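Fold and contact review
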Amino acid sequence: MILTVTMNPAIDVSYPLGEFKLDTVNRISDVSKTAGGKGLNVTRVLSEIGEEVTATGLVGGTNGLYLVQHLPEPVIPSFYDIAGDTRICIAILHDNQQTEILEGGPRISESESEGFLNHFKELIGKTDIVSISGSLPMGMPVDYYTQLIKIAREHDKKVVLDCSGKSLEAVLKSNFKPAAIKPNLEELAQLLNKEKIESPNELKNIISHPLFEGVEWIVVSLGKDGAFAKHNDKFYKVDIPVIQIQNAVGSGDSTVAGIASALRAQKSDEDLLKHAMVLGMLNAQEKVTGHVNMDHYEDLFKQITVKEV
Ligand code: ADP
């Protein structure tokens, strides 16, 4: 079983409008509401590819209830209840643009943070792989993911971590490393205080930085350019074919789902990378975020090349 962790989930509401009129009423008939947050995209993709998934994290209020009730079947929900209300994030699709209104989410108390650690300890025994995604809600200590990884490591469970900024930095500077991280170029640059990473050719040097020591897999996803990865002391360049895309939002999360499922199945390096890439690409080929059509899996898989560099 793969355990997905989403500490600050959201109900994602999408309002498609022909035209967005300011300072007046906009009426919408075609509303879509989904269980959102990066970790829930990972959850959906894992479930679509046939993995057994338990989804955990924090939920509160009637929004939280809605979110749990709208998880895809057959995901097993095991969320921890908090006093605050689960947030709502609104995307207004208009004039070929997307205007987003994102709530910050509830503030988490110290006892709720402690409570979730105990809840996580109860789940870890039944878990093969843990996949943690997204930001921490307000009120949680910056080293909270380090605490979760420590518990997972004590139970010999691998963690795939997909977060950025201070919480990622705290984990990398700690003694409790995840098995895999999946930064994109922007997140990598932010982590290393660089303005920009000029060329993927720099990546071999960059991911050899002492900060990443002890992390088994570093998969730097490069959008349409595939990925550059490090597994222990081996480096790989992954090339993918050009595809028609519909919506690449959530492709990174789908790649994370691929890494978690490949670790669970103990795939070879080459197959792990191909599996992760295909899922990112399949997501980009769909309109819906965090959705993959497995009918096209084999065709894409065989067009990907993994070269040791
Ligand atoms: P993130 O969403 O975290 O920024 P990426 O954009 O790098 O992640 O996407 C993750 C993976 O999804 C890529 O490595 C690639 O396999 C696939 N992907 C994303 N965008 C495209 C695209 N435009 N064309 C083909 N594949 C894509």
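Shown above is the structure to which this text applies.
These numbers come from a predicted model, not from an experiment.

**Comments concerning the overall build of the chain**
Broken down by element type, the chain carries 10 helices and 15 strands. For 309 residues, the compact-globule formula gives about 19 Å, and the C-alpha radius of gyration of the chain, at 19 Å, lands near that figure. Of all 309 residues assigned to the chain, the portion counted as buried reaches 53%. Taking contacts inside the chain between residues at least 6 apart in sequence as the whole, the part at least 24 apart equals 64%. Within the structure as shown, the chain displays about 14800 Å² of accessible surface, and the carbon and sulfur contribution to it stands at 47%. Taken together, the 30 basic and 42 acidic charged side chains of the chain have centroids lying 3 Å from each other.

**Remarks on the sheet that holds strand E7 (residues 87-94)**
What the four strands build is an open sheet, ordered E3-E2-E7-E8; its pairing is mixed. The strands lining the two open edges of the sheet, one partner per strand, are strand E3 (32-36) and strand E8 (97-102). Averaged over all pairs of adjacent strands, the angle between their axes in this sheet comes to 20°, without regard to strand direction. Bridging between strand E2 (residues 10-17) and E7 involves eight bridges; their strand directions are parallel. Each residue of the ladder has a partner; that of tyrosine 15, found in E7, is isoleucine 92. Sitting on the sheet, helix H2 (residues 61-69) is in contact with E2, E3 and E7, with an inclination near 85° to E2.

**Some remarks on the packing of aromatic side chains**
Evaluation of the coordinates by the stated rule reveals five aromatic pairs. Ring centres of tyrosine 80 and phenylalanine 116 lie 6.4 Å apart, and the angle between their planes is 75°; on these two criteria the pair is classed as edge-to-face. You can see tyrosine 80 sitting in strand E6 (residues 80-82) and its partner phenylalanine 116 sitting in helix H3 (residues 110-124), a full 36 residues away along the chain. Arranged with centres 5.7 Å apart and planes meeting at 25°, the rings of tyrosine 297 and phenylalanine 301 form a pair that is stacked. Taken as a pair, tyrosine 297 and phenylalanine 301 lie in helix H10 (residues 297-301) at a separation of four residues, close to a single helical turn. Owing to a relative accessible area of 10%, tyrosine 297 belongs among the buried residues under this scheme. Taken together, Tyr80, Phe116 and Phe120 form an aromatic cluster joined through their ring pairs. Taking NZ or CZ as reference, lysine 33 lies 5.8 Å from the ring centre of tyrosine 66, over its face.

**What to know about the nonpolar core**
Counting residues in hydrophobic clusters, the biggest one holds 47 residues, and the most contacted among them are Val160, Trp217, Leu263 and Leu273. For this core, the leading source of residues is helix H9 (residues 269-284), giving eight residues. Ignoring sequence-local partners within four residues, the contact set of tryptophan 217 consists of Ala179, Ala180, Ile181, Ala229, Lys230, His231, Leu263, Asp269, Leu272 and Leu273. Of all hydrophobic cores here, the second largest spans 45 residues; its members include Met1, Leu58, Phe116 and Leu172.

**Digging into the site of the ligand**
Around the ligand, the surrounding shell holds 17 residues, and the nearest of these are Lys182, Asn184, Ser221, Gly223 and Gly226. Between the ligand and lysine 182, the relevant distance is 3.0 Å, taken from an oxygen atom to a side-chain nitrogen or oxygen of the residue. Taking asparagine 184, its side chain carries an N or O atom lying 2.9 Å from an oxygen atom of the ligand. The protein chains hide 84% of the 550 Å² of surface that the ligand would expose on its own.

**Here's the deal with the side chain of serine 14**
Among the secondary structure elements, serine 14 is positioned in strand E2. Owing to a relative accessible area of 18%, serine 14 belongs among the buried residues under this scheme. Residues in contact with serine 14, not counting those within four places in the same chain, are Asp30, Val31, Ser32, Ala91 and Leu93.

**Notes on helix H1 (residues 38-48)**
The element H1 is extensively covered by neighbouring structure, given that nine of its 11 residues are classed as buried. Buried within H1 are the following residues: Gly39, Leu40, Asn41, Val42, Thr43, Arg44, Val45, Leu46 and Ser47. Glycine 50 occupies a position one or two residues after H1 and carries a positive phi of about 90°.

**Section: unusual backbone geometry**
Of note, the amide linkage connecting glutamate 73 to proline 74 takes the cis form, showing an omega dihedral of -5°. Along the chain, proline 74 turns up in the loop between H2 and strand E5 (76-77).

**Thoughts on H2**
Residues of H2 that are buried include every one of Asn63, Gly64 and Leu67, and no others. One side of H2 carries all its buried residues, which in axial view fall inside an arc of 100°. Opposite the buried face of H2, at more than 90 degrees from it, the exposed residues are Thr62, Leu65 and Gln69. On the buried face of H2, the contacting elements are E2, E3, H1, strand E4 (53-60) and E7.

The rules behind the values
- Every chain is numbered independently, its residues counted from 1 as its sequence is written.
- Reporting of local features is limited, given that this is a predicted model, to residues whose pLDDT is at least 70; pairs of side-chain atoms are given and counted only at 80 or more, and all residues count toward the totals for whole chains, interfaces and linings.
- Side-chain measures here rest on the full set of heavy atoms in the structure, leaving out hydrogens and waters.
- Only DSSP runs of H or I covering at least 4 residues are called helices, and only runs of E covering at least 2 are called strands; the numbering of each starts at the N terminus.
- For a compact globule the rule gives 2.2 Å times the number of residues to the power 0.38, and the radius of gyration it is set against comes from C-alpha atoms.
- Note on classification: 1.4 Å probe, protein chains only; a residue is buried when its accessible area is under 20% of the maximum for its type, exposed when over 50%, partly exposed between these limits.
- Between two residues, a contact is recorded if the distance between any of their heavy atoms is within 4.5 Å.
- Surface accessibility in these figures is a Shrake-Rupley result with a 1.4 Å probe; residues are shielded only by whichever protein chains are displayed.
- Residues scored as positive are Lys and Arg, those scored as negative are Asp and Glu, and His as well as the terminal groups of each chain are ignored.
- In this description, the location of a charge corresponds to atom NZ of lysine, CZ of arginine, CG of aspartate or CD of glutamate.
- When DSSP finds two or more bridges between a pair of strands, those strands are recorded as paired.
- Angles here are taken between N-to-C directions and fall from 0 to 180 degrees, while the axes themselves are lines fitted to C-alpha atoms, restricted in helices to the stretch in contact.
- Any pair of Phe, Tyr and Trp rings, taking the six-membered ring for Trp, is counted once the centres come within 6.5 Å. Such a pair is stacked with planes under 30 degrees apart, edge-to-face with planes over 60 apart, and tilted for the rest.
- A ring has a charge above it when a Lys NZ or an Arg CZ is no more than 6 Å from the ring centre and no more than 35 degrees off the ring normal.
- Among buried residues, the Ala, Val, Leu, Ile, Met, Phe, Trp, Tyr and Cys ones that are joined through side-chain atoms within 4.5 Å form a nonpolar core.
- Throughout, the term near means that a residue has one or more heavy atoms lying within 4 Å of the molecule or strand in question.
- We call two N or O atoms a polar contact when they sit within 3.5 Å, provided that within protein one can donate a hydrogen and the other can accept it, with sequence-adjacent residues counted only if both atoms are side-chain atoms.
- Comment: arc refers to directions from the helix axis out to C-beta atoms.

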